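# Summary of the model geometry
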Amino acid sequence: RSDDPAFTFVEFNQLDSAREGCAVCSLDMTSEPNRWEEAVIKSISEIRKLGLYGVTPGEMERYASALLTDAEQLAAQGDMISHGDQLAYLMETVANGHTFMSPEQSYAITERALSTLRLEEVNKAAAELCSHINGLKDGETSSTGTIAVIACTPKSSESDPNAFVDDDKLCAAIKKACTIDVEPVEDVVVPHTLVTPEELEEAMKANPPTWESGRFSDGTPNTPADRITRPFTLRRLGNGIRVGIAQNTAESQRGHLRIVAPGGRDAEKRFGFKEGSLAVGARAMQEGGSFGSFTREQVELFAVDHLIMVEINCNEEALVMDFVFPTTNVGNTGYGDTKQMGITGTESVLQIVREILIDFNWEEDALGRSKTSYRSAHESLGKSLEGKSTEMIMDNLAGGDKRFLSIDSRTVSEVTLEDAKNAVMSQLIPSELEISVAGDFVVNEVLEMILKYIGTVPANANEEYRVKDAPEKFNNVPALQLPGRHLDLELEDSDPRAVAYVAGAAPNLWGFLADGSTVAKKVSDADKRASDYDKQRRAHPLFGNAALALISEIANRRLFSTVRERKQLTYDANFSLTGFERMKGGWFLVTVTASKEKAQAALEACKETLEALRTSNPISPDNLESAKRVVLNRHEGELRTSQYWATMMSGIQEESIPLKGPLSVTDFNAVIESMTTRDLQLTLECMGLEDSELYTAIGKTVQPEGLVDDGIVKASPMAGMGRGGALMN
């Protein structure tokens, strides 16, 4: 509820632990080092409120509804739960002495239990749940059992005395928190709908919505404005917003909506916005959430009640908003014959989208939380070996271009609310937006909702924020400065380890290079013996994308077999592409983690592997067939998720991604299957794999001066732990 919370994360959990052999209540939090005491006091005070006063009637109603909806969704997905998940659930149930039930049985029991549950019973359970904290106050009945407090803090008080914590200070803070008087929580009136029927009717009269045909840049004919098509329906609204919708029954009662506004950090440069304003503004929008007359807390609780998760991000080339939501009626009240249905999760999420576009309130406190988040992220980056090393090599690859680097604290501090607002709202102009929705719903019904809620957004909404006479085309990725160079970095850390990188120029996700040329054109020009069929294949819009997907898979396998299995120099080696879609050009990045003694040898082994792939040990038919199977199986598996469908549809109607269209989905399998080893070898020649074109780096930890061995045995690193790299995944 605070505009400036002391903690960056806080969570209270209760679970039956088979390992501990008892029920465990845990309060977990993270905070800025110098605000730890405030964070402890605030969070403990909230737990004491729950234990002393319980939940409000409004909270009881909302959380019971959310719990029932959650159980209903699980029941709907019951026959699709994997064998592994079922087995894990069975083992946990037996170990804890619970009753094993199918999702359908669990839903039925949950509904019966909730229909008879009274507020007094819930509050009695809350008092018991919080007794281990409330019992710490003098004069209160203490709970039985062990109470443990664990803190991870800076080791010394030299840099910041307020950040230092020892046993006495921690216990004193907890006791202090327990002596503070707390007041019961006031019940918040949570709206059942953000847009009333009367408001919607008025909007439809003022801005009558219409459908227009979908238009594409990959050669696909326009799609009709009045017919549903398969595998997705692609249209445009009369106000210019592009819409893609697909039904996906594999995730029962769940949906995913994605809004993409092309621009991102590239727009900061093109439109002359203050550096970092779009990124900080996007985070401020995530941290805010006040619409029209509704407060942030009301909107947040509306989203919680309707089980909606929202994530707003700004990357190098787009502002992206992701919404995960249930497709059934949520926010219901009552049970059985007295049950009153709320609106569907789909309708709820479209109301939120509408309000973001036309009635979002920008708040100074939300900007403050955004800035705190970015400062914390930048400081963490500087303390991470992988993060700092990645930043160093990206800085050199991009020639210092700020679009591709983290935002430092000084830059963050200089962004004002007006800067953030102007930057973000300039991206939310209807004619520039694309909305992609996928889920377990009836397509006709959702199209009707989109027409009402999104089609009535005025075509000139946010027009006052449009930047006049700004360049429309995205800037290309900076040309790589040659020859390449080697970089070294040392970071103080008591844990000895190293990370090495090999990087160079690469095409973007659709095969465009930084100079504007394409992989397809370069491959065709280089293959003088190409048949008419080869020329036809390579002219397909998906050719470059497919070639790069297969090369990534093959390169990863080669690195694993050579650097890890044969030479045993590393426990993790990874090949990745930056994967830009709108900006032309990009980079490849090989990340290898190793011991300090083997870092240089691992780096050389990675370079040798890439060189062999291009020359002495080229891609074999077996390599290609194996990679095809992996890529196709991955694609087939991900088609079961609504998020993947929304991602695939995003950009299909965008002019800034000329090669992405319906063919990129409908012809995916055929294009992958048609690829040859010669296609891939010629594609490799489009990448900067020559030794003189490579940028390499090694980051190592060094022991801090005066470090005393504390005798704690460090865990051995394992494959897959904390990869670095451009995508940091």
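Now for a look at the structure at hand.

Turning to helix α22 (residues 621-638), a few remarks are in order. Taking 1.5 Å of rise per residue, the 18 residues of α22 would be expected to cover 26 Å, and the 26 Å separating its terminal C-alpha atoms lies within 8% of that figure. Listing the buried residues of α22 in full gives Leu624, Ser626, Ala627, Lys628, Val631, Leu632 and His635. In this fold, the buried residues of α22 make contact with α20 (543-566), α23 (642-649), α25 (668-674) and α26 (677-684).

Right, let's talk about the environment of Ser213 for a bit. Mapped onto the secondary structure, Ser213 falls in strand β3 (residues 211-213). Leaving out residues up to four positions away in the same chain, Ser213 has contacts with Asn222, Thr223, Pro224, Ala225, Arg235 and Arg236.

A few words now on a negative patch on the surface. Residues Glu198, Glu199, Glu202 and Asp359 make up a contiguous surface patch of negative charge. Mapping Asp359 onto the fold places it in the loop between α12 (345-358) and β10 (360-361). A relative accessible area of 33% places Asp359 in the partly exposed class.

The next subject is the packing of aromatic side chains. Scanning the entire structure with this criterion turns up nine aromatic pairs. Ring centres of Phe232 and Trp645 lie 6.4 Å apart, and the angle between their planes is 85 degrees; this geometry places the pair in the edge-to-face category. Residue Phe232 is found in the loop between β3 and β4 (233-237), and its partner Trp645 is found in helix α23; the two are separated by 413 residues along the sequence. Taken individually, Phe232 and Trp645 each receive the classification buried, so the pair is uniform in this respect. Here the aromatic rings of Phe580 and Trp587 are separated by 6.2 Å at their centres, their planes lie at 80 degrees, and the arrangement is edge-to-face. Trp587 carries the same exposure label as Phe580, and that label is buried. Pairwise contacts between aromatic rings join Phe291, Phe360 and Trp362 into one cluster.

Bringing the sheet that holds strand β12 (residues 486-492) into the picture now. Read from one edge of the open sheet, five strands run β12-β16-β13-β15-β14, paired in mixed fashion. Each edge of the sheet is formed by a strand with only one pairing partner; in this case those strands are β12 and β14 (572-577). On average, each strand axis in the sheet is tilted by 15 degrees relative to the strand beside it, whichever way the strands run. With seven bridges joining them, β12 and strand β16 (residues 695-702) adopt parallel strand pairing. Residue pairing in the sheet places His486 in a bridge with Thr696 of β16. Sheet strands touched by helix α21 (residues 599-614): β12, β13 (498-506), β14, β15 (586-594) and β16. Its angle to β13, the strand with the most contacts, is close to 25 degrees.

If you walk across this open sheet you meet the seven strands as β3-β4-β5-β11-β6-β9-β8, and the pairing is mixed. The sheet is open, and its two borders are formed by β3 and β8 (309-314), each paired with just one other strand. Strand-to-strand twist across the sheet, computed as the mean angle between neighbouring axes with direction ignored, equals 20 degrees. The pairing of β3 with β4 spans three bridges and is antiparallel.

This part covers the pattern of salt bridges. Following the criterion strictly, the structure yields 44 salt bridges and no others. In this structure, the salt-bridge partner of Glu581 is Lys660, at a minimum N-O distance of 3.5 Å. Of this pair, Glu581 sits in the loop between β14 and β15 while Lys660 sits in the loop between α23 and α24 (663-666), placing them 79 residues apart in sequence. As far as burial versus exposure is concerned, Glu581 and Lys660 are alike and both buried. Across the pair Glu625 and Lys628 runs a salt bridge, and its minimum N-O distance is 3.6 Å.

The next subject is the packing of α20 against α21. Put simply, α20 and α21 touch, their axes get as near as 10 Å, and they point 130 degrees apart. Classified by the interaxial angle, the pair formed by α20 and α21 is oblique. Two packed elements cross with a definite hand, and for α20 against α21 that hand is right-handed. Contact residues: α20 offers Ile554, Ala555, Arg558, Leu559, Thr562 and Val563, while α21 offers Ala602, Ala605, Cys606, Thr609 and Leu613.

On to helix α7 (residues 167-179). The end-to-end C-alpha distance of α7, which contains 13 residues, comes to 19 Å, matching closely the 18 Å that a straight helix rising 1.5 Å per residue would cover. Of the positions making up α7, those classed as buried are Leu170, Ala173, Ile174, Ala177 and Cys178. Axial view of α7: buried residues confined to an arc of 135 degrees, hence all on one face. Exposed side of α7, more than 90 degrees from the buried face: Asp168, Lys175 and Thr179 are the residues found there. Buried residues belonging to α7 abut α1 (36-53) and α6 (131-134).

Right, let's talk about the environment of Leu577 for a bit. You can see Leu577 is positioned in strand β14. For Leu577 and Ala503, which are 74 residues apart along the polypeptide, the C-alpha to C-alpha distance reads 9.7 Å.

Quick look at the nonpolar core now. By size, the foremost hydrophobic cluster in this structure holds 67 residues, and its most contacted members are Leu257, Leu319 and Leu428. For this core, the element with the highest residue contribution is helix α17 (residues 443-453), accounting for seven residues. Those residues in contact with Leu257 that sit more than four places away from it in its chain are Met321, Asp322, Phe323, Phe325, Val349, Leu350, Val353, Ile435, Ser436 and Val437. By size, the runner-up hydrophobic cluster in this structure holds 54 residues, among which are Val502, Phe512, Leu569 and Val590.

Quick notes on the rules
- Residues numbered from 1 in each chain as written.
- Predicted model: local features only at pLDDT ≥ 70, side-chain atom pairs only at ≥ 80, totals over all residues.
- Heavy atoms only, no water.
- Helix = DSSP H or I, 4+ residues; strand = E, 2+ residues; numbered from the N terminus.
- Expected span 1.5 Å × (residues − 1).
- Buried < 20%, exposed > 50% of the residue type's maximum accessible area, 1.4 Å probe, protein only.
- Contact = heavy atoms within 4.5 Å.
- Patch = residues over 30% accessible without salt bridge, like charges linked within 9 Å, V, L, I, M, F, W, Y side chains within 5 Å.
- Areas by Shrake-Rupley, 256 points an atom, 1.4 Å probe, with all protein chains shown as cover.
- Salt bridge = Lys/Arg side-chain N within 4 Å of Asp/Glu carboxyl O.
- Lys, Arg positive; Asp, Glu negative; His and termini not counted.
- Charge placed at Lys NZ, Arg CZ, Asp CG, Glu CD.
- Phe/Tyr/Trp six-rings, centres within 6.5 Å; stacked < 30°, edge-to-face > 60°.
- Pairing = 2+ DSSP bridges.
- Axes fitted to C-alpha atoms, helices over the stretch in contact; angles between N-to-C directions.
- Parallel < 35°, antiparallel > 145°, perpendicular 65-115°, else oblique.
- Left-handed = near helix turned anticlockwise from the far one by under 90°.
- Arc of directions from axis to C-beta.
- Core = buried A, V, L, I, M, F, W, Y, C linked by side-chain atoms within 4.5 Å.

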